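Architecture at a glance
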Amino acid sequence: MRNSIISNILLPFAMIFSCMPWHAAAQETRKIIHSIRTDVRAGNVAKTDGFFLGENASGRPINATMSAHLKYGFRFGEGTVYGRMYPHTYQGIGIGANTFFNHGEMGTPALLYVFQGSRIAGLTDRLSLDYEWNFGASFGWKKYDPDTNPMNVVVGSDVNAYINLGFILNWQAGKNLNITGGIDLSHYSNGNTSQPNAGVNTIGGRISAVYTFDNGHEKANTGKDKLYGKERTDCTFKPYVSYDLVLYGATRTRGVEWPDRKYLVPGSFAVAGFNFNPLYNLNKYFRAGLSLDLQFDESANIKDHVAGDYNQQDQPKFHRPPFIEQFSAGLSLRAELVMPIFSVNVGVGRNIICRGNDTDGFYQVFILKTSVTRRLFLHVGYQLYNFKDPNNLMLGIGYRLF
């Protein structure tokens, strides 16, 4: 299970390494501008559970978090189509170390992630408002253990997903040096691959230094470049419709709750799904549309199929729910931010074919798409139910029709 979580969370890393044109710095049409970034971040821990309020072995609230980061980044030069279309967009790979000042019960997680950022608005010649997201894995948590760590009822695995979003003021302090500062939010969880999974949420501030290596004078590309398979001599954009087909799968755990008792159903359950997502490409940054979402969850509505009286069993047994209670079909509204290599897709939907409380409701999806080729992409996502309940990971592959 642990190896499966690691391999699934880190799918985008294989892609960003293949997309990094290490060989391309000498090619005029593939110029790359490299940078090194260091971040220091500090923040507050959201009090989502009594464990953070002081119901822990130390007897003290867990209020603060701090982390240090080292990142390699690159952006496409103006001799490329991407460089002309997205001149302020950068991406790369980062590592970090995080402390919650309670190593004995929470650990000191290490971070490995991909990131991407870009400009929101230019404020002056040297100052801009930017955003940046991070997505990856965090390693080295002290997870819940009934014998050695019984009070940590929020972290159920030693490897968890790491998601971060920051809004940053970016000041150009010199030719090659930028200083940035802003606010960010972070979320850690395992996508219900193990229990407990209350998750850890933080909000805080950050300050960064960015050194950009001098590539010399870039020579503009005067020939034709290919973008999405179409020859273009400038950065004009014509709206069009594309169609994303996605297959995904994952495993999950399932807990059930009765009025007087909570119980973790033993074992893991399979999840599989299919999305058909037509998207109208409004401009180079934004797509939107509808998605037909089909999902099979082996654990859905299992609470309604307990064998016998659960009050008379230390370890209740369950019958397998019928297929109609494990299957759901819904429609969702989707919006997608489009950048080089990565796209971020969010959606809100409602199941229209379903049976049982576990699938009868609204769902939300948060997805990172990583381009492998012009049409093929990796799909790493997370689904919630009713805007609050963690449901499952969505790990798969997609194909785009133009």
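Residues numbered from 1 in each chain as written. Predicted model: local features only at pLDDT ≥ 70, side-chain atom pairs only at ≥ 80, totals over all residues. Heavy atoms only, no water.

Let us now look at the overall build of the protein chain. Check the secondary structure of the protein chain and you find six helices and 20 strands. The burial tally for the protein chain puts 49% of its 402 residues in the buried class. Split by element, the accessible area of the protein chain, about 18,600 Å² in all, is 60% carbon and sulfur. (Helix = DSSP H or I, 4+ residues; strand = E, 2+ residues; numbered from the N terminus. Buried < 20%, exposed > 50% of the residue type's maximum accessible area, 1.4 Å probe, protein only. Areas by Shrake-Rupley, 256 points an atom, 1.4 Å probe, with all protein chains shown as cover.)

Time to look at the packing of aromatic side chains. This model, assessed by the stated rule, comprises 21 aromatic pairs. Here the aromatic rings of Tyr 72 and Phe 74 are separated by 6.2 Å at their centres, their planes lie at 25°, and the arrangement is stacked. The exposure classification of Tyr 72 matches that of Phe 74, with both residues buried. Relative to Phe 276, the ring of Tyr 243 lies with its centre 6.2 Å away and its plane at 5°, an arrangement referred to as stacked. You can see Tyr 243 sitting in strand β11 (residues 240-258) and its partner Phe 276 sitting in strand β12 (residues 261-281), a full 33 residues away along the chain. On the basis of relative accessibility, which here comes to 32%, the residue Tyr 243 falls in the partly exposed class. Put simply, the rings of Tyr 90, Phe 100, Tyr 113, Phe 115, Trp 141, Tyr 162 and Tyr 188 pair up and form one aromatic cluster. Over the ring of Phe 115 we find Lys 71; its NZ or CZ atom is 4.8 Å from the centre of that ring. Positioned over the ring face of Phe 362 is Arg 350, at 5.4 Å from the centre of the ring. (Phe/Tyr/Trp six-rings, centres within 6.5 Å; stacked < 30°, edge-to-face > 60°. Lys NZ or Arg CZ within 6 Å of the ring centre and 35° of its normal.)

Tracing the sequence through the fold places Asn 190 in the loop between β7 (177-189) and β8 (200-212). Within the structure, the side chain of Asn 190 is placed 3.2 Å from the side chain of Ser 194, a separation counted as a polar contact. Excluding its chain neighbours within four sequence positions, the residues that come into contact with Asn 190 are Gly 156, Ser 157, Val 159, Asn 160, Pro 196, Asn 197 and Leu 393. (Polar contact = N/O pair within 3.5 Å; in protein donor to acceptor, adjacent residues only side chain to side chain. Contact = heavy atoms within 4.5 Å.)

Looking now at the pattern of salt bridges. Throughout the structure, instances matching the rule amount to 18 salt bridges. Two residues, Asp 39 and Lys 71, come together in a salt bridge whose shortest N-O distance is 2.8 Å. You can see Asp 39 sitting in strand β1 (residues 32-45) and its partner Lys 71 sitting in strand β2 (residues 64-76), a full 32 residues away along the chain. Looking at Asp 39, the relative accessible area reads 2%, which means it is buried. Linked by salt bridges that have partners in common, Asp 39, Arg 41, Lys 71, Glu 132, Asp 184 and Arg 206 make up one network. (Salt bridge = Lys/Arg side-chain N within 4 Å of Asp/Glu carboxyl O.)

Moving on, we come to unusual backbone geometry. Cis peptide bonds are those with omega within 30 degrees of zero, and the linkage from Gln 195 to Pro 196 qualifies with -5°. Tracing the backbone shows Pro 196 in the loop between β7 and β8. For Asn 301, which is not glycine, the phi torsion reads 65° and is therefore positive. Of note, Asn 301 is situated in the loop between β13 (286-297) and β14 (306-307). The phi dihedral of Asn 386 is positive, around 55°, even though this residue is not glycine. Relative to the elements of secondary structure, Asn 386 occurs in the loop between β19 (376-385) and β20 (389-401).

Assignment of secondary structure puts Ser 138 in strand β5 (residues 127-141). Excluding residues within four positions of it along the chain, Ser 138 makes contact with Pro 109, Ala 110, Leu 111, Asp 158, Val 159, Asn 160, Ala 161, Tyr 162 and Tyr 188.

In this section: the environment of Ser 157. Among the structural elements, Ser 157 can be located in the loop between β5 and β6 (159-172). For Ser 157, a relative accessible area of 5% puts it in the buried group. Each C-alpha atom, one on Ser 157 and one on Tyr 144, is 7.5 Å from the other, the two residues being 13 residues apart in sequence. When sequence neighbours within four positions are dropped, the list of residues in contact with Ser 157 reads Trp 141, Lys 143, Asn 190 and Ser 194. A polar side-chain atom of Ser 157 sits 2.8 Å from the main-chain carbonyl oxygen of Val 159.

Attention now goes to the sheet that holds β7. Taken in spatial order, the eight strands close into a barrel running β1-β2-β3-β4-β5-β6-β7-β8, and their pairing is antiparallel. Within this sheet the neighbouring strands show an average axis-to-axis angle of 25°, counted without direction. (Pairing = 2+ DSSP bridges. Axes fitted to C-alpha atoms, helices over the stretch in contact; angles between N-to-C directions.)

Side chains of a nonpolar character, in soluble globular proteins, are inclined to be buried together. Counting residues in each nonpolar core, the largest one holds 23 residues, and the members touching the most others are Phe 74, Trp 133 and Phe 342. Not counting residues within four places of it along the chain, the set of residues in contact with Trp 133 comprises Val 114, Phe 115, Gln 116, Asn 164, Leu 165, Phe 342, Val 344 and Leu 368. In this structure, Phe 51, Leu 111, Tyr 113 and Tyr 162 belong to the second largest nonpolar core, which totals 16 residues. (Core = buried A, V, L, I, M, F, W, Y, C linked by side-chain atoms within 4.5 Å.)

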